[in-house]
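Structural overview
So the chains spell out like this:
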Amino acid sequence: SLLFFLKRKQNSSGKLYIDSFTATSAEEKKDVPVANLWPGDGSFEGGSSFFQLPPDETRSFHGRRSIRMAQELTGLTTGYLFRVLRPNRTYTVSGYATADRPGKLVVKADSHRYQEIGSGSVSLTPGEWKRFSFRLQPQHLVTSFRLGFNKPAGTTIWLDAFQLAEGECLGIVGPNGA
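Source: prediction; values computed, not measured. (Residues numbered from 1 in each chain as written. Predicted model: local features only at pLDDT ≥ 70, side-chain atom pairs only at ≥ 80, totals over all residues. Heavy atoms only, no water.)

**Details of the overall build of the protein chain**
- Broken down by element type, the protein chain carries 0 helices and 11 strands.
- Within the protein chain, buried positions represent 39% of all 178 residues.
- In the protein chain, once contacts between residues fewer than 6 apart in sequence are set aside, the share between residues at least 24 apart is 72%.
- Looking at the protein chain as shown, the accessible area adds up to about 10,300 Å², and 50% of this sits on carbon and sulfur atoms. (Helix = DSSP H or I, 4+ residues; strand = E, 2+ residues; numbered from the N terminus. Buried < 20%, exposed > 50% of the residue type's maximum accessible area, 1.4 Å probe, protein only. Contact = heavy atoms within 4.5 Å. Areas by Shrake-Rupley, 256 points an atom, 1.4 Å probe, with all protein chains shown as cover.)

**Focus: the pattern of salt bridges**
- Following the criterion strictly, the structure yields 7 salt bridges and no others.
- Between Glu57 and Arg65 there is a salt bridge, with its nearest N and O atoms 2.9 Å apart.
- Arg89 is the partner of Glu166 in a salt bridge, and the nearest nitrogen-oxygen pair spans 2.6 Å. Of the two residues, Glu166 is situated in strand 11 (residues 157-166) and Arg89 in the loop between strand 5 (75-77) and strand 6 (91-99); the sequence distance between them amounts to 77 residues.
- Residue Glu166 is classed as partly exposed on the basis of its relative accessible area of 34%.
- Taken together, the shared-partner salt bridges in this structure form one network comprising Glu57, Arg64 and Arg65. (Salt bridge = Lys/Arg side-chain N within 4 Å of Asp/Glu carboxyl O.)

**Details of the side chain of Thr156**
- As for its position among the elements, Thr156 is in the loop between strand 10 (145-150) and strand 11.
- The exposure class of Thr156 is buried, given its relative accessible area of 9%.
- Contacts of Thr156, omitting those with residues within four sequence positions, involve Arg68, Met69, Ala70, Gln71, Thr98, Ala99 and Asp100.

**As for the confidence of the model for the protein chain**
- Residue-level pLDDT values for the protein chain average 82, and 79% of them are 70 or greater.
- The low-confidence segment residues 1-8 (pLDDT under 50) makes 21 contacts with residues lying over four places distant or belonging to another chain.
- Here residues 24-29 scores under 50 on pLDDT; set against residues more than four positions off or in separate chains, the count is 7 contacts. (pLDDT = per-residue confidence, 0-100.)

**Here we look at the sheet that holds strand 5**
- Within the open sheet, the 4 strands sit side by side as 5-10-7-8. Their pairing is antiparallel. Among the strands making up the open sheet, the edge pair consists of strand 5 and strand 8 (116-124). Between one strand and the next, the sheet's axes are offset by a mean angle of 15°, whatever the strand orientation.
- In this sheet, strand 10 lies alongside strand 7 (residues 103-111) in antiparallel orientation, the contact comprising 6 bridges. In the sheet register, Ser111 faces strand 10, and the bridge partner there is Phe145. (Pairing = 2+ DSSP bridges. Axes fitted to C-alpha atoms, helices over the stretch in contact; angles between N-to-C directions.)

**Remarks on the nonpolar core**
- Counting 31 residues, the largest nonpolar core has Phe51, Leu105, Leu136, Phe145, Leu147 and Phe149 as its most contacted members.
- If you list the elements that add at least two residues to this core, you get strand 4 (66-69), strand 6, strand 7, strand 8, strand 9 (130-136), strand 10 and strand 11.
- Those residues within four positions of Leu147 in sequence are excluded, and the remaining contacts are Trp38, Phe51, Leu76, Thr77, Thr78, Val107, Lys108, Ala109, Phe134 and Phe162.
- Grouped together as the second largest cluster of nonpolar side chains are 6 residues, Tyr96, Trp129, Trp158 and Val173 included. (Core = buried A, V, L, I, M, F, W, Y, C linked by side-chain atoms within 4.5 Å.)

**A look at unusual backbone geometry**
- Positive phi, close to 65°, is recorded for Tyr114, a residue that is not glycine.
- Inspection of the secondary structure puts Tyr114 in the loop between strand 7 and strand 8.
- With a relative accessible area of 59%, Tyr114 lands in the exposed category.
- Backbone geometry at Ala161 places phi at a positive 50°, although glycine is not the residue there.
- In this fold, Ala161 is placed in strand 11.
- On the basis of relative accessibility, which here comes to 3%, the residue Ala161 falls in the buried class.

What follows is the structure, encoded as structure tokens:
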């Protein structure tokens, strides 16, 4: 398919004349190498004070550890990631999750002004790592955000391999160090 960008001039009689156009082919979105702007360790090999969840060595998508959201928790709000966003830019947040029973994980991002700036969800299957991702809306002055997680009661969820990338591309993360 082709996408056309038109430069046009209109005369005083209301007729439209096209004096130039550019044809650009649309390309499929592919996983490409992108810089992970997540501050610190998005695979939790050294733990994570930002999430305030314990590291877990029983399951991991990338590396040796993940973090675990225990059965009794139905929600969690993290601390803020301060000054990681540049104004007027789009960012994509992604990560991997698995669970001990089927359920839906909902993830949202709030600005330091307590406004939702992005959200996403993923349906989880026991023992299968699934990627979730969502875009953060461009902010004029906001450079910090926090994440909120909601899950069904009685379900344990493991989180791993978090990424923050400028733009709309997802970075490539291989399972267990690949």
